[in-house]
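Coordinates in review
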Amino acid sequence: KSKELAGNKYQFYTKDMDDHSIENVKIENALYKALSKDEFHIYYQPQMDAVQEEVVGVEALIRWEHPTMGMISPGEFIPIAEETGLIIPIGEWVLRQACQQIMEWKRQGYACLSVSVNLSARQFKQRNLVAIVKETLEETGIDPECLELELTENIIIQNTDDTIKTMRDLKSLGIKISIDDFGTGYSSLGYLKNFPISTLKIDKSFVHDVMENENNEAITHTIITLAHNLNLRVIAEGVETKEQLDFLVAKECDYLQGYYFSKPIDAATFKKKYLQRESSTSF
Ligand code: C2E
Ligand code: MG
Ligand code: MG
Ligand code: MG
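Model, not experiment: these values are computed from the prediction.

Section: the packing of aromatic side chains
All chains considered together, the criterion is met by 8 aromatic pairs. Clustering of aromatic rings is evident, with ring pairs tying together Phe 40, Trp 64, Phe 77 and Trp 93. Directly above the ring of Tyr 259 sits Lys 263, whose terminal nitrogen or CZ lies 4.8 Å from the centroid.

So, the environment of Trp 105
Within the fold, Trp 105 resides in helix 3 (residues 87–107). Separated by 55 residues in the primary sequence, Trp 105 and Ala 50 place their C-alpha atoms 23 Å from one another. Contacts of Trp 105, omitting those with residues within four sequence positions, involve Tyr 44, Tyr 110, Leu 113, Ala 267, Phe 270, Lys 271 and Leu 275.

Brief notes about the pattern of salt bridges
Here the structure, examined in full by the defined rule, presents 8 salt bridges. In this structure, Glu 139 engages Arg 96 in a salt bridge whose closest nitrogen and oxygen atoms are separated by 2.5 Å. With Glu 139 in helix 5 (residues 129–140) and Arg 96 in helix 3, this residue pair connects regions lying 43 residues apart in the sequence. Arg 96 sits in the partly exposed class, given a relative accessible area of 25%. For Asp 246, the salt bridge goes to Lys 242, with nearest N and O atoms at 2.8 Å. In this pair, Asp 246 and Lys 242 are both assigned in helix 11 (residues 242–250), 4 residues apart and thus about one turn of the helix distant. Residue classification places Lys 242 among the partly exposed residues on the basis of a relative accessible area of 40%.

A few points about the pairing of strand 7 (residues 199–202)
Side chains Thr 199 and Lys 201 of strand 7 all project onto a buried face; the interleaved residues Leu 200 and Ile 202 project onto the opposite face, where all are buried too. Bridge count between strand 6 (residues 176–182) and strand 7: 3 bridges; the pairing is parallel. Within the sheet, the bridge partner assigned to Ile 179 lies in strand 7 and is Leu 200.

Comments concerning the layout of surface pockets
Empty space within the largest pocket amounts to approximately 960 Å³. Breaking the lining of the largest pocket down by element, the ones donating at least two residues are strand 2 (55–66), helix 2 (74–84), helix 3, strand 4 (114–118), helix 4 (121–125), strand 6 and helix 9 (204–208). Considering only residue class, the lining of the largest pocket consists of 14 nonpolar, 11 polar and 9 charged.

Some points on the coordination of the magnesium ion (ligand 3)
For the magnesium ion (ligand 3), the full set of protein donor atoms is Asp 180 (OD), Asp 181 (OD), Glu 237 (OE) and Glu 237 (OE), at a range of 1.9 to 2.7 Å. Here the donor residues for the magnesium ion (ligand 3) map to a single chain with the spacing D-D-x55-E. Metal-to-metal, the separation of the magnesium ion (ligand 3) and the magnesium ion (ligand 2) is 4.2 Å; Asp 180 coordinates the two. Note that Asp 180 is positioned in strand 6 and Glu 237 in the loop between strand 8 (233–236) and helix 11, a separation of 57 residues in sequence. No difference in accessibility class separates Asp 180 from Glu 237, as the two residues are buried.

Cut-offs and rules
Residues numbered from 1 in each chain as written. Chains lettered and ligands numbered in written order. Predicted model: local features only at pLDDT ≥ 70, side-chain atom pairs only at ≥ 80, totals over all residues. Heavy atoms only, no water. Phe/Tyr/Trp six-rings, centres within 6.5 Å; stacked < 30°, edge-to-face > 60°. Lys NZ or Arg CZ within 6 Å of the ring centre and 35° of its normal. Helix = DSSP H or I, 4+ residues; strand = E, 2+ residues; numbered from the N terminus. Contact = heavy atoms within 4.5 Å. Salt bridge = Lys/Arg side-chain N within 4 Å of Asp/Glu carboxyl O. Buried < 20%, exposed > 50% of the residue type's maximum accessible area, 1.4 Å probe, protein only. Pairing = 2+ DSSP bridges. 1 Å grid on protein atoms, 1.4 Å probe; cavity = no way out; pocket = protein on both sides within 12 Å on 5 of 7 lines; lining within 4 Å. Points joined across faces, edges and corners; volume = space filled by probe spheres on them. Nonpolar A, V, L, I, M, F, W, Y, C, P; charged D, E, K, R; others polar. Donors = N, O, S within 2.8 Å, 3.2 Å for Na, K, Ca; no water.

Have a look at this one:
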C-alpha cells in the first residue's frame, strides 16, 4: 500500500517536473533572442524619502514582453538567464539603459535621481564586472554617486576574499552598494562591518504583515536600528499601506519603496508623474 502511494507521488512529481521544464525550455529559447529583438524594457519604481515623501531615486526593474507568451516576470526568467549565462549581456543592457535614462532626465533639466540596479550572482562573479561598470559610468556620463548596485546576502557570503575585493573596487569607482532582500538570506551580521555597503533594503516579506505579525514588527525595527548603528541607510521595500508607512516612519526608516507610492512604471509615465523641472518658467 505504501509502495503504491509512493509510486503515485513519484509519477505526479515527474509530470510536474516535465511541465516545468518544457516551460523553461520555451523560455530559454526565447531568451536567447530577446535582447536582439528588443523585447526587454525597464520599469522604474520610485524610492521615497520617508520624511519628505519626495522621490530621491528609482529602482530599475527589467520587463520582458514576448510577442506570443506575453509578459514574463523576472521571477521566472532571471533564474533561467542566470543558469544559461544570458544574465551577463542582459544585465549589462539593464545597467547601461538605466544609466542612460538617468542622464537623459538630467539633460532635460530635471533634478538628478539616483538609480538602483539589481546584480545577479553570476554578474557579480564575472571577472570584468568592475571594468564594465567603470566603462558604463564613463560612456553615459552619470555621476557615480547616483548609481547603486543591489546585491543579495547570498552573493556576498560566497567566497569572502574575492567578494570583498570586488566590492571595494566597485566602491572605489564612487558608486554605492546595497543589500537587497535583507533578512532573508544567510545572515551573519559580522560581514556587514567588513563590506563597503551603504544601504540595507528590508525585504518586503517582513514589511508585508508588519502590522499583524509581532515577529516581523520586531525584525523590521531591529534591521532599522542595526543599519543606523552601523551608519548605514535603510530602505523598506513592499510598502503597500498607510499603516506600514506610519510604522516605518515612526521607527525612522530612511527611505520607502512600494505600491503605496507606485508600482514600477515605464520611463514616460515616471517622467509625467514624478519629475519636476528644477526651475520652471511660467507665463
Ligand atoms: P527585487 O530587486 O527585490 O525587486 C522588488 C520586487 O518587488 C519587484 O518585483 C517589484 O515590482 C516588487 N514590488 C515593489 N513594491 C512592491 C509592493 O509594494 N508589494 C509587492 N508585493 N511587491 C512589490 P519584480 O519587478 O517582479 O522583480 C522581481 C525580482 O526580479 C527582483 O526583486 C530582482 O531580484 C529580480 N530582477 C528584476 N529586474 C532585474 C534585473 O534587471 N537584473 C537582475 N539581476 N534581477 C532583476
Ligand atoms: Mg532589488
Ligand atoms: Mg528586494
Ligand atoms: Mg530580489
